[in-house]
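If you want the building blocks of each chain, they are given just below.
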Amino acid sequence: MTISYKWLSEYLPVTVEPERLSRILTSIGLEVESMTNYQEVKGGLKGLVIGEVLTTEKHPNADKLTITSVSIGEAAPLQIVCGAPNVAAGQKVVVAPVGATIYPTTGDPLTMKVAKIRSVESYGMICAEDEIGLGSSHAGILVLPADAKVGTTAIDYFTPYEDIVYEIGLTPNRMDAMSHWGVARDVCAYLNHHDNKDMKPKLPNSNGFKVDNTSFPIDVKIENQTACPRYSGVTIANVTIGESPRWLQQKLKSIGLRPINNIVDITNFIQHETGQPLHAFDAGLISGKKVVIKNLPEGTPFITLDEKERKLSAEDLMICDEKEGICIAGVFGGLHSGVTEKTKNIFLESACFEGISLRKTSFRHGLRTDAASRFEKGTDISATVNVLKRAALLIKEIGGGEIASDIIDIYPAPKPKIEVGIKWHFIKKLSGKNYHPDAVKEILNNLGFETLKEGIDELRVAVPYHKPDISLPADLVEEIVRIDGLDNIDIPDAITITPAVEENYATEVYREKTANYLVGLGYNEIMTNSITNAAYFSEEELQGMVKMTNSLSAELNILRNSLFETALEVVAHNLNHRNTSLRLFEFGKAYSTTAPGKYKESEKLCIVLTGNKNEDNWKQKSVATDFYTLKGTVDALLKTLGIEPDTVETMPVAKLDSHIVYKLGDNIIAGAGEVKKPILDRFGIKQPVFFAGLNWAILAELAAGQTRKVKEIAKYPAVQRDLAMIVVKELNWESVQQTVQKIKLNKLQDVKLFDIFESEKLGAGKKSVAVNFTFQDEEKTLTDKEIDGWMNKIMTTLEKDLQAEIRK
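Below: a short report on this structure.

Definitions and limits used
Residues numbered from 1 in each chain as written. Predicted model: local features only at pLDDT ≥ 70, side-chain atom pairs only at ≥ 80, totals over all residues. Heavy atoms only, no water. Helix = DSSP H or I, 4+ residues; strand = E, 2+ residues; numbered from the N terminus. Rg over C-alpha atoms; globule rule 2.2 N^0.38 Å. Buried < 20%, exposed > 50% of the residue type's maximum accessible area, 1.4 Å probe, protein only. Contact = heavy atoms within 4.5 Å. Lys, Arg positive; Asp, Glu negative; His and termini not counted. Charge placed at Lys NZ, Arg CZ, Asp CG, Glu CD. Pairing = 2+ DSSP bridges. 1 Å grid on protein atoms, 1.4 Å probe; cavity = no way out; pocket = protein on both sides within 12 Å on 5 of 7 lines; lining within 4 Å. Points joined across faces, edges and corners; volume = space filled by probe spheres on them. Axes fitted to C-alpha atoms, helices over the stretch in contact; angles between N-to-C directions. Salt bridge = Lys/Arg side-chain N within 4 Å of Asp/Glu carboxyl O. Core = buried A, V, L, I, M, F, W, Y, C linked by side-chain atoms within 4.5 Å. Nonpolar A, V, L, I, M, F, W, Y, C, P; charged D, E, K, R; others polar. Polar contact = N/O pair within 3.5 Å; in protein donor to acceptor, adjacent residues only side chain to side chain. Disulfide = S-S within 2.5 Å. Patch = residues over 30% accessible without salt bridge, like charges linked within 9 Å, V, L, I, M, F, W, Y side chains within 5 Å. Areas by Shrake-Rupley, 256 points an atom, 1.4 Å probe, with all protein chains shown as cover. Parallel < 35°, antiparallel > 145°, perpendicular 65-115°, else oblique.

## Points about the overall build of the protein
Part 1 of the reasoning: Counting its regular elements, the protein contains 20 helices and 42 strands.
Part 2 of the reasoning: Against the globule reference of 28 Å for 808 residues, the protein gives a C-alpha radius of gyration of 38 Å, more extended than a compact globule.
Part 3 of the reasoning: When the backbone C-alpha atoms are referred to their principal axes, the protein occupies close to 115 × 90 × 65 Å.
Part 4 of the reasoning: Per-residue burial over the protein gives 47% buried out of 808 residues.
Part 5 of the reasoning: For the protein, contacts bridging at least 24 residues in sequence account for 70% of all contacts bridging at least 6.
Part 6 of the reasoning: Mean positive and mean negative side-chain charge positions of the protein (93 and 108 charges, respectively) differ by 3 Å.

Okay, structure coming up:
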């Protein structure tokens, strides 16, 4: 929620400094996430000055340049070389002298320096409107009226709007604070309580409303009174559609809204002023001068303002005329009923719609509008008419016209106020603080609550319509504590708690241990969104994935089935910011489905490498990361967890080259490989990336189920033997390992590949591999005879099973 300081201050009876206001907002539960300076014109036109062109002459070395002398109110005029075709003597212009910085509408800031242009010195710049952020035209320099005073600063002449803007982290239950006036009400309640004052926020003016005539009545009927409990409207005739006044445009721009025309801008202004959404229809396009609020049959086509045809659900509430739907109620207008430059007569709607069904409609059609977000949280059902009058008066003031109908207010079943009772001791119990009854009543009255009954031990109040979330005594305590200040809750000397015994803590211990180990290796932990983009996946992959019914956006519409795509998004983001050497890991959840309503959630760990292992330094050059760096990390991590896979095998997959999997029994516990180039291209990544995915759920369970043992260092030395052999080129290392392992030599501790040699001299399709074998007996020193016997068994098996030729 964006709040303008100047706009908010208009409703406060006293001036509150911006910094204090920020603290107050956070204290009352409207947490200020950011507080920034807003400038209507970037840079605020600082350093620019109004000047007069005294003389002009053609540049001797350039046909399209002009040498000018410009007075800016100082003793001597400035010589400025200008390229604009419309520059002429006698013009009043905006000048950027040397030292001033200009902020173009598009592009980077530019600071003026003395420049030599085609051998002629220039001491500044005569500005076009797009060069100083005042517009988009670059047809020529900006020529001001003749009465502009030379030497006046551009700030004083143009008076650009500046403001302070607060971004408020609004919780979903605080619909009452989704407007500037609603925030002002809370601020006044805080000031009354803490500064001992009696202040009320200034009400938006709706006085002076009167009907000019009844020449354009609209008949309104509500068929679905559950979805639309109240509907108000009025007709304004003979309006002029045009640009909004500057003050209105400035207010909207300050909170990030783009001005459109005076009528639409007024409805947006009222919405952010009062929290009540409005909608303006072209009354001349309402067939039969009838408005009916009802549901249309399933599948009815409807074209919205964005020119898209949408198929309606039978649950979608529609605003209809005599013939067809003209607006999706509370969500989005129709293409053929909106206000255009040709509109003369307006029907203005101010209604209250039921939030749950409207929210479903909004998500169903992917239309997340400001109006929908307010209706779904609840609006003040008592305010529709007053807000309508306020908007109608503004339209008359800005767009002309006349009120051409009586106020239409259909309210079939007036809603009673909710009543809530609260015990004094309950306030103390829940808040931890003793409040005086008078302070409680003062806070609640300032927030709009009405005292119905006050007893010795209980207070009973009526909840105002602008607080539809209040229904329980605990809600009242929250309001009291909020206005008193969340920072003012006393911290007790002692806190009594009941210790809890945590179950399955071992898996968390191993997760922490793994994270610390990876950080020690230079990795950084990342956290990504479990919701990702369905466009990353093939139709076949999408079959087993969990799709979002109500997606937040078109790019976030499916739950990931691995950490692969979201990790690559992080890689791409970092590379775009020139962080090219990355070591990343993430613990996260992946999701899948086997049938409707049957979902699976699993814990995963991914490791990602790209760039260099190390940076250039005085001692060594940088070395590029490769697949074996990743494999070494996975091997070491499994060893740290005390897990030894049964096999490591190659397994082709669609997204990774050189892909290997680690198997333990029937389970694949990890996989690693190099990301394929087409995948990298999709993410805009132009350097190799290596990815490993580990099934953390299985690994954590295996690690937690192990019993750690301390083992004495062997007293007797290990013996190593090397063996070189010629094999076919297609033979992989995995086959060599498996062949040696099946001999089941108990004293064989390790087998390592330490060299591969390829040459035509070895024979066509052949290569030489060199293998190191480590033997050790924990009870005695091994003899050469024993080792030679084992080596002979190994050589015989390799010759027989792999057709290896042992090199002597």
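Resuming the write-up.
## Description of the pairing of strand β28 (residues 458-462)
Part 1 of the reasoning: In the sheet, strand β26 (residues 419-423) pairs with β28 via five bridges, with the strands oriented antiparallel. Bridge pairing in β28 places E419 opposite A462.
Part 2 of the reasoning: When strand β27 (residues 450-454) meets β28, the two strands line up antiparallel, connected through four bridges. Note on β28: the bridge partner recorded for K453 is R460.
Part 3 of the reasoning: Between the end of β27 and the start of β28, which pair antiparallel, lie three residues.

## Digging into the environment of L134
Part 1 of the reasoning: Tracing the chain through its elements places L134 in the loop between β11 (124-126) and β12 (143-144).
Part 2 of the reasoning: Under the relative-accessibility criterion, L134 is labelled partly exposed at 30%.
Part 3 of the reasoning: For L134 and W696, which are 562 residues apart along the polypeptide, the C-alpha to C-alpha distance reads 57 Å.
Part 4 of the reasoning: In contact with L134, other than residues within four places in its own chain, are V41, L45, T105, E129, L142 and F158.

## A short note on empty space enclosed by the protein
Part 1 of the reasoning: Going through the model one piece at a time under the given rule, you end up with two cavities of 30 Å³ or more.
Part 2 of the reasoning: Considered as a void within the structure, the largest cavity measures approximately 60 Å³ in volume.
Part 3 of the reasoning: Around the largest cavity, the lining residues are A227, E315, D316, L317, A329, F353, E354, S357, L358 and T361.
Part 4 of the reasoning: Broken down by element, the residue count for the lining of the largest cavity peaks at three residues, all from helix α7 (residues 355-364).
Part 5 of the reasoning: Volume-wise, the second largest cavity comes out at about 40 Å³.

## A look at unusual backbone geometry
Part 1 of the reasoning: Of note, the phi angle at T159 is positive, near 40 degrees, even though the residue is not glycine.
Part 2 of the reasoning: Residue placement: T159 occurs in the loop between α3 (154-158) and β13 (162-169).
Part 3 of the reasoning: On the accessibility criterion, T159 (44% relative accessible area) is partly exposed.
Part 4 of the reasoning: For S658, which is not glycine, the phi dihedral falls at a positive 50 degrees.
Part 5 of the reasoning: Looking at the element boundaries, S658 is found in strand β36 (residues 656-664).

## Points about the sheet that holds strand β41 (residues 766-775)
Think of a sheet as strands paired side by side through backbone hydrogen bonds, with each pair either parallel or antiparallel.
Part 1 of the reasoning: Pairing within the open sheet is antiparallel, and its four strands lie in the order β40-β41-β39-β42. Since the sheet does not close on itself, it has two edges, and those belong to β40 (748-757) and β42 (805-807), each with one partner. With strand direction ignored, the average angle separating the axes of adjacent strands in the sheet is 30 degrees.
Part 2 of the reasoning: In terms of strand pairing, β40 meets β41 through eight bridges, oriented antiparallel. Residue pairing for β41: I756 is matched across the bridge by V769.

## Quick notes on the pattern of salt bridges
Opposite charge on two side chains permits them to pair, given that their charged atoms come into close proximity.
Part 1 of the reasoning: Taken as a whole and judged by the stated rule, the model has 40 salt bridges.
Part 2 of the reasoning: Close ionic contact of R174 with D186 constitutes a salt bridge, the shortest N to O distance being 2.6 Å. In this pair, R174 is assigned in the loop between β13 and α4 (180-195) and D186 in helix α4, connecting sequence segments twelve residues apart. Both residues of the pair, R174 and D186, belong to the buried class.
Part 3 of the reasoning: Across the pair R364 and E315 runs a salt bridge, and its minimum N-O distance is 3.1 Å.

## Details of the nonpolar core
Part 1 of the reasoning: Among the nonpolar cores identified, the biggest contains 70 residues, and L25 and Y166 are the most heavily contacted of them.
Part 2 of the reasoning: For L25, the contacting residues outside a window of four places in its chain are L30, E31, V32, Y166, I168, V183 and V187.
Part 3 of the reasoning: By size, the runner-up hydrophobic cluster in this structure holds 35 residues, among which are Y231, I286, L296 and I326.

## Quick notes on the layout of surface pockets
By rolling a water-sized probe across the atoms, one finds the places where empty space is left.
Part 1 of the reasoning: The space that makes up the largest pocket amounts to roughly 1900 Å³.
Part 2 of the reasoning: In terms of lining, the largest pocket is formed by 45 residues, of which the most central are K631, W733, Q737, D750 and V751.
Part 3 of the reasoning: Taken together, the elements giving at least two residues each to the lining of the largest pocket come down to α16 (627-640), β35 (647-650), β36, β39 (719-728), α19 (733-741), β40 and β41.
Part 4 of the reasoning: Across the lining of the largest pocket, the residue classes tally to 19 nonpolar, 14 polar and twelve charged.
Part 5 of the reasoning: Volume-wise, the second largest pocket comes out at about 970 Å³.
Part 6 of the reasoning: At the level of secondary structure, the elements contributing two or more residues to the lining of the second largest pocket comprise α15 (564-576), β33 (582-595), β34 (598-610), β36, β37 (667-675), β38 (689-694) and α18 (696-704).

## Section: the side chain of D186
Part 1 of the reasoning: On the basis of relative accessibility, which here comes to 0%, the residue D186 falls in the buried class.
Part 2 of the reasoning: Apart from residues no more than four positions distant in its own chain, D186 is found in contact with I28, L30, R174, D176, L447, R482 and I483.

## Some words on the side chain of T629
Part 1 of the reasoning: You can see T629 is positioned in helix α16.
Part 2 of the reasoning: For T629, the side chain forms a polar contact with the side chain of K613, separated by 3.5 Å.
Part 3 of the reasoning: Those residues in contact with T629 that lie beyond four places of it in its chain are R583, L609 and K613.

## Some remarks on the state of the cysteines
Part 1 of the reasoning: Tallied over the entire structure, the rule returns zero disulfides.
Part 2 of the reasoning: C127 provides the cysteine sulfur closest to C82, a residue in no disulfide bond, and the two sulfurs are 9.4 Å apart.
Part 3 of the reasoning: In this structure C82 comes out as buried when scored by relative accessible area, which is 4%.

## Notes on a nonpolar patch on the surface
Part 1 of the reasoning: On the surface, V98, V114 and Y123 cluster together into a nonpolar patch covering about 230 Å² of accessible area.
Part 2 of the reasoning: Take V98: it is sitting in the loop between β6 (92-97) and β7 (101-102).
Part 3 of the reasoning: Overall, V98 belongs to the partly exposed group, its relative accessible area being 41%.

## Thoughts on α18
Counting along an α-helix, one turn takes 3.6 residues, and residues three or four places apart therefore face a common direction.
Part 1 of the reasoning: Among all positions of α18, only W696, I698, L699, A700 and A703 are buried.
Part 2 of the reasoning: The inward-facing, buried residues of α18 contact α13 (505-520), β33, β34, α16, β37 and β38.

## Focus: a negative patch on the surface
Part 1 of the reasoning: Taken together, the side chains of E502, E508, E512 and E525 define an acidic patch exposed on the protein surface.
Part 2 of the reasoning: Tracing the sequence through the fold places E508 in helix α13.

## Side note on the packing of α13 against α18
Part 1 of the reasoning: Close contact between α13 and α18 brings their axes to 9 Å; oriented N to C, the two are set at 110 degrees. As far as their axial angle goes, α18 and α13 are roughly perpendicular. Here A506, T507, Y510, R511 and T514 of α13 lie close against α18, whose contacting residues are W696, A700, A703 and A704.
Part 2 of the reasoning: Its residues assigned to classes, the contact of α13 with α18 shows six nonpolar, two polar and one charged.

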